[in-house]
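One letter stands for each residue in the lines below.
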Amino acid sequence: MKKLLIILSFCIASVFSVQAQSENSIELVKAVQELSSVMINPDKAKLKKLTDKKLSYGHSSGKNEDQETFINTLISGKSDFVSIDLENQSYEVVDDIGIARHILVAETNDSGVPGNVRIGILMIWRKNDNSWKLLARQAYKLPQP
């Protein structure tokens, strides 16, 4: 009987863990989508809310930005996303860390110069105060087809 109660307790705990994991995954997906949307229509307060103070934002060119530089680059139009499409998305949540990967396909207008980009992205998110914040992002060039 004692063994049965232990097994039953373990099963119940697993169900709650899976449910919490699923909710965290859904929240992470929403955070990534919200960030993409705000990158198209930059809003300083929203960008600050979605990013960690210690943000490390890496570009495929090798350039790195902190939170302030990342936000100011978008607000100024130096980096201007006209559209963003995320392909081949994958998400994983481990405790309070979220890992998001995707291919970013975007139409840009950086400093008024139209362009197109197709790059790989790895994002590390951390859950703080019940919300996901982008802690690190690294873009990388994809092999030519």
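Bear in mind the structure is a predicted one, so any value in this text is a computation, not a measurement.

Analysis parameters
Residue indices follow the written sequence of each chain, beginning from 1 at its first position. It should be noted that, the model being predicted, local features are given only for residues of pLDDT at least 70 and side-chain atom pairs only at 80 or more, the latter also being counted only at that level, while totals for whole chains, interfaces and linings use all residues. With hydrogens and water set aside, each side-chain value is computed from the structure's full complement of heavy atoms. Here a strand is any run of E in DSSP of at least two residues, a helix any run of H or I of at least four, and the numbering for each starts at the N terminus. Burial status follows relative accessibility: with a 1.4 Å probe on protein chains alone, a residue under 20% of its type maximum counts as buried, one over 50% as exposed, and anything between as partly exposed. Pairs of residues are marked as contacts when any of their non-hydrogen atoms sit within 4.5 Å. Working definition of accessibility: Shrake-Rupley area with a 1.4 Å probe, residue cover restricted to the visible protein chains. This arc describes the spread of directions from the helix axis toward the C-beta atoms. Strands qualify as paired when DSSP identifies two bridges or more between them. Orientation is described by lines fitted to C-alpha atoms, with helices fitted over the stretch in contact, and by angles between N-to-C directions that extend from 0 to 180 degrees. In protein, a polar contact means a hydrogen-donor-capable atom and an acceptor-capable atom, both N or O and within 3.5 Å, with residues adjacent in sequence counting only if both atoms are side-chain atoms; elsewhere, any N or O pair within 3.5 Å suffices. Put simply, a nonpolar core is a bunch of buried Ala, Val, Leu, Ile, Met, Phe, Trp, Tyr and Cys residues held in one set by side-chain atoms that sit within 4.5 Å of each other.

### Description of the overall build of the chain
When helices and strands are tallied, the chain shows 3 helices and 6 strands. When its helices and strands are written in sequence order, the chain yields α-α-β-β-α-β-β-β-β. In the chain, which comprises 145 residues, the proportion classed as buried is 32%. Put simply, 50% of the contacts in the chain that link residues at least 6 apart link residues at least 24 apart. Counting only carbon and sulfur atoms, one obtains 56% of the accessible surface of the chain, whose full area is about 9100 Å².

### Details of helix H3 (residues 67–76)
Taken together, the buried positions of H3 are occupied by Gln 67, Phe 70, Ile 71, Thr 73 and Leu 74. Across the axial projection of H3, the buried residues extend over an arc of 160 degrees, all falling on one side. Those residues of H3 that are exposed and angled more than 90 degrees off the buried face are Glu 68 and Ser 76. Backbone geometry just downstream of H3 places Gly 77 in the positive-phi region, at approximately 90 degrees.

### With respect to the pairing of strand E5 (residues 113–128)
Sheet topology note: the strand E4 (residues 97–110)/E5 ladder contains 14 bridges and is antiparallel. Within the sheet, the bridge partner assigned to Leu 104 lies in E5 and is Ile 119. Sheet analysis places E5 next to strand E6 (residues 131–141), joined by 10 bridges and oriented antiparallel. Across the sheet, residue Arg 126 finds its bridge partner in E6, namely Lys 133. Linking E5 back to E6 in an antiparallel pair, the connection comprises 2 residues, with Asp 129 at a positive phi of about 50 degrees.

### A short note on the sheet that holds strand E1 (residues 51–58)
Read across the open sheet, the 6 strands follow the order E2-E1-E6-E5-E4-E3; overall the sheet is mixed. With partners counted over all chains shown, the strands left at the sheet margins are strand E2 (64–65) and strand E3 (81–94), one partner each. Pairing of E1 with E6, which is carried by 4 bridges, proceeds in the parallel orientation. If you follow Thr 51 over to E6, its bridge partner there is Leu 134. Contacting E1, E2 and E3, H3 crosses the sheet at an angle of about 70 degrees to E1.

### Here's the deal with the environment of Tyr 57
Note that Tyr 57 resides in strand E1. For the pair formed by Tyr 57 and Ala 139, sequence separation is 82 residues and the distance between their alpha carbons is 8.5 Å. Excluding its chain neighbours within four sequence positions, the residues that come into contact with Tyr 57 are Met 39, Lys 63, Asn 64, Glu 65, Phe 70, Leu 134 and Arg 137. One polar contact links Tyr 57 to Arg 137, side chain to side chain, over a distance of 3.3 Å.

### Digging into the nonpolar core
Among the nonpolar cores identified, the biggest contains 27 residues, and Leu 35, Met 39, Phe 70, Leu 104, Met 123 and Trp 125 are the most heavily contacted of them. Top element by residues in this core is helix H1 (residues 2–40). It accounts for 6 residues. Each residue touching Leu 104, except ones within four places of it in the same chain, is listed here: Phe 81, Ile 84, Asp 85, Leu 86, Val 117, Arg 118, Ile 119 and Ile 121.

### Examining the pairing of E1
Sheet topology note: the E1/E2 ladder contains 2 bridges and is antiparallel. Looking across to E2, one finds that Tyr 57 is bridged to Glu 65. Following E1, the chain reverses through 5 residues before pairing antiparallel with E2; Gly 62 in that reversal takes a positive phi of roughly 105 degrees.

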